[in-house]
Amino acid sequence: MDKNSSLGAIDGISELCFSFGVVSDIQYADLEDGYNFLRTRMRYYRYSLHHLEGAIEEWNEESNHLFFVLQLGDIIDGFNAQYKVSEESLQNVLKEFEKLKAPVHHTWGNHEFYNFSRDYLRNSKLNTKFLGDQIAHCPETTPSENYYAYHFAPFPKFRFILLDAYDMSVLGMDQSSPKYQDCMKMLKEKNPNKELNSPQGLSEPQFVQYNGGFSQDQLDWFDAVLTFSDTNQEKVVVVGHVPIHPDCSDDTCLAWNYRDALSVIWSHKCVVCFLAGHTHDGGYCIDTHGVHHITLEGVIETPPESQAFGTVHVYPDKMVLKGRGRVPDRIMYYKKD
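Residue numbering note: each chain is counted from 1, following its sequence as written. It should be noted that, the model being predicted, local features are given only for residues of pLDDT at least 70 and side-chain atom pairs only at 80 or more, the latter also being counted only at that level, while totals for whole chains, interfaces and linings use all residues. Side-chain calculation: all heavy atoms of the structure are included, whereas hydrogens and water are not.

As annotated in an unreviewed UniProt entry, the protein chain is Manganese-dependent ADP-ribose/CDP-alcohol diphosphatase from Phascolarctos cinereus. Per UniProt, the protein chain has the following entry under Sequence similarities (unreviewed entry): "Belongs to the ADPRibase-Mn family." UniProt positions are given in the numbering used here, feature names are shortened, and annotations may be inferred rather than shown by experiment.

1. What to know about the sheet that holds strand 12 (residues 308-314)
As summarised here, the arrangement of the 6 strands in space is 5-4-1-12-13-14, forming an open sheet in which the pairing is mixed. Edge positions in the open sheet fall to strand 5 (104-106) and strand 14 (330-333), since each of these has one partner strand only. Within the sheet, the average angular offset between the axes of one strand and its neighbour, ignoring direction, is 20°. We call two strands paired when DSSP finds no fewer than two bridges between them. The way it works is that DSSP assigns letters per residue, a run of H or I at least four long becomes a helix, a run of E at least two long becomes a strand, and they are numbered from the N terminus. Pairing geometry for strand 1 (residues 18-23) and strand 12, over 5 bridges, is antiparallel. In the strand pairing of strand 12, Gly21 is matched with Thr311. Any pair of residues with heavy atoms lying within 4.5 Å of one another is described as a contacting pair. Helix axes use the C-alpha atoms of the stretch in contact, all axes being lines fitted to C-alpha atoms, and the angles between their N-to-C directions lie in the range 0 to 180 degrees. Sitting on the sheet, helix 1 (residues 48-61) touches strand 1, strand 4 (66-71), strand 12 and strand 13 (318-325), and the angle it makes with strand 12 is about 20°.

2. A short note on the pairing of strand 6 (residues 150-155)
Relative to strand 7 (residues 158-162), strand 6 is paired through 4 bridges, and the arrangement is antiparallel. Residue pairing for strand 7: Tyr150 is matched across the bridge by Leu162. Adjacent in sequence and paired antiparallel, strand 6 and strand 7 are bridged by 2 residues, among which Lys157 carries a positive phi angle near 75°.

3. Quick notes on helix 3 (residues 86-97)
Expected helix span is taken as 1.5 Å per residue step, with the number of steps being one fewer than the number of residues. Over its 12 residues, helix 3 runs 17 Å from end to end, which matches the ideal 16 Å to within 8%, given 1.5 Å per residue. Residues of helix 3 that are buried: Ser86, Ser89, Leu90, Val93, Leu94, Glu96 and Phe97. When helix 3 is viewed along its axis, its buried side chains cluster within an angular range of 150° and face the same direction. Across from the buried face of helix 3, at angles greater than 90 degrees, the exposed residues are Glu88 and Lys95. Of the surrounding elements, those touching the buried residues of helix 3 are strand 1, helix 1, strand 4, helix 2 (79-82), strand 5 and helix 4 (110-115). Residue burial is assigned from relative accessible area. The probe radius is 1.4 Å, only protein chains are included, and a residue is buried under 20% of its type maximum, exposed over 50%, and partly exposed in between. To be clear, the arc concerns the directions from the helix axis to the C-beta atoms.

4. A short note on the sheet that holds strand 9 (residues 271-276)
Reading across the sheet, the 6 strands line up as 6-7-8-9-11-10 and stay open at both edges, with mixed pairing between neighbours. Among the strands making up the open sheet, the edge pair consists of strand 6 and strand 10 (283-286). Across this sheet, the average inter-strand angle for adjacent strands is 15°, counted without regard to direction. Here strand 10 pairs with strand 11 (residues 292-295) via 4 bridges, running antiparallel. When the bridges of strand 11 are listed, Tyr284 appears paired with Ile294. Running at roughly 175° to strand 7, helix 7 (residues 216-231) makes contact with strand 6, strand 7, strand 8 (235-239) and strand 9 of the sheet.

5. Describing the nonpolar core
Nonpolar side chains in soluble globular proteins tend to be buried together. We define a nonpolar core as any set of buried Ala, Val, Leu, Ile, Met, Phe, Trp, Tyr and Cys residues linked to one another through side-chain atoms lying within 4.5 Å. Counting 84 residues, the largest nonpolar core has Phe20, Trp59, Leu70, Ile75, Phe97, Phe222 and Ile244 as the members making the most contacts within it. Ranked by residues supplied to this core, first place goes to strand 9 with 6 residues. Core analysis: the next-biggest nonpolar cluster, separate from the first, contains 10 residues, Tyr180, Cys183, Met184 and Leu187 among them.

6. So, the pattern of salt bridges
By definition, a salt bridge exists where a carboxyl oxygen of Asp or Glu is found within 4 Å of a side-chain nitrogen of Lys or Arg. Enumeration according to the criterion identifies 20 salt bridges in this entry. Across the salt bridge formed by Lys99 and Glu96, the nearest N and O atoms sit 3.1 Å from each other. Take Lys99: its relative accessible area is 49%, and that puts it in the partly exposed class. The exposure class of Glu96 is buried, given its relative accessible area of 10%. A salt bridge links Arg118 to Asp164, with the shortest nitrogen-to-oxygen separation between them at 2.8 Å. Of this pair, Arg118 sits in helix 5 (residues 118-122) while Asp164 sits in the loop between strand 7 and helix 6 (178-190), and the two are 46 residues apart along the sequence. The two residues Arg118 and Asp164 agree in class, both being buried.

7. A few points about the side chain of Ser169
With respect to the helices, strands and loops of the structure, Ser169 is situated in the loop between strand 7 and helix 6. In protein, a polar contact requires one atom able to donate a hydrogen and another able to accept it; more generally it is a pair of N or O atoms within 3.5 Å, and residues adjacent in sequence count only if both atoms are side-chain atoms. At a separation of 2.8 Å, a polar atom in the side chain of Ser169 contacts the main-chain amide nitrogen of Leu171. Apart from residues no more than four positions distant in its own chain, Ser169 is found in contact with Cys183, Gly212 and Trp256.

Printed below as a string of structure tokens:
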């Protein structure tokens, strides 16, 4: 039996600690169905809101154990900006989330930055940093305001860390800022194509405009939080819009410096899982250090008769993903020390 795909007889083996919901790439727009960039997949712009509605109804029925929901980024589609309806579309999606009985933690993806500047997002309801924890005696675990990242502990011995995968990026940034200019310089050095969203001919195909990366500043903070979690014997789930392992994504939909994020994770014992979106097709792997990488299937490419969300049930020895529709079930055992 494949322990990562079968949900056979898991109840009663160990006590449920808590559950949380996951959903990604809703990409709502009040538009007729269309195609993806390569014209190979249908996108259901308007129907994505109905999928979210269905997810929230089911999560509310599970509210006894459901502590929170992770929204993994790309909440509305970039087309909204072209039609100048970004704020209106965002309000429509947030109005659905308001019906949820549990809090939502929002991650920022490339489509957030197609619609809004970083300053706008900081002052919007998509900034859920206020739900983060402060560890008074460990000031190095407090994130800087220069990136959108934070951590929280919903249950004893478990910590979640939200990372900013567009901390280094050319999206949503003031084009006169030195940071933007540095990122653009790096992107053009890695990607000589006229169309910066094209990976054609690249030895490192992740260097396209719709991806981003992690600054050294953010990686140092991430390392400090993981050090705290190691010391306190916590299990950590890391969350980011863009995948960081090539085996759970296609080779273009990866963070620019995904190897740097992996080496921080691999220098600690505490990380059990990395959750991402971005690719729409989904993906899964367990890496050489026993960390599970889940890339969630995107709502936007989910036909009306299906679904794309999940609930993760957290136990002392494993996490169990109960997927709906396109999202498969998985049992993810923690690595043994």
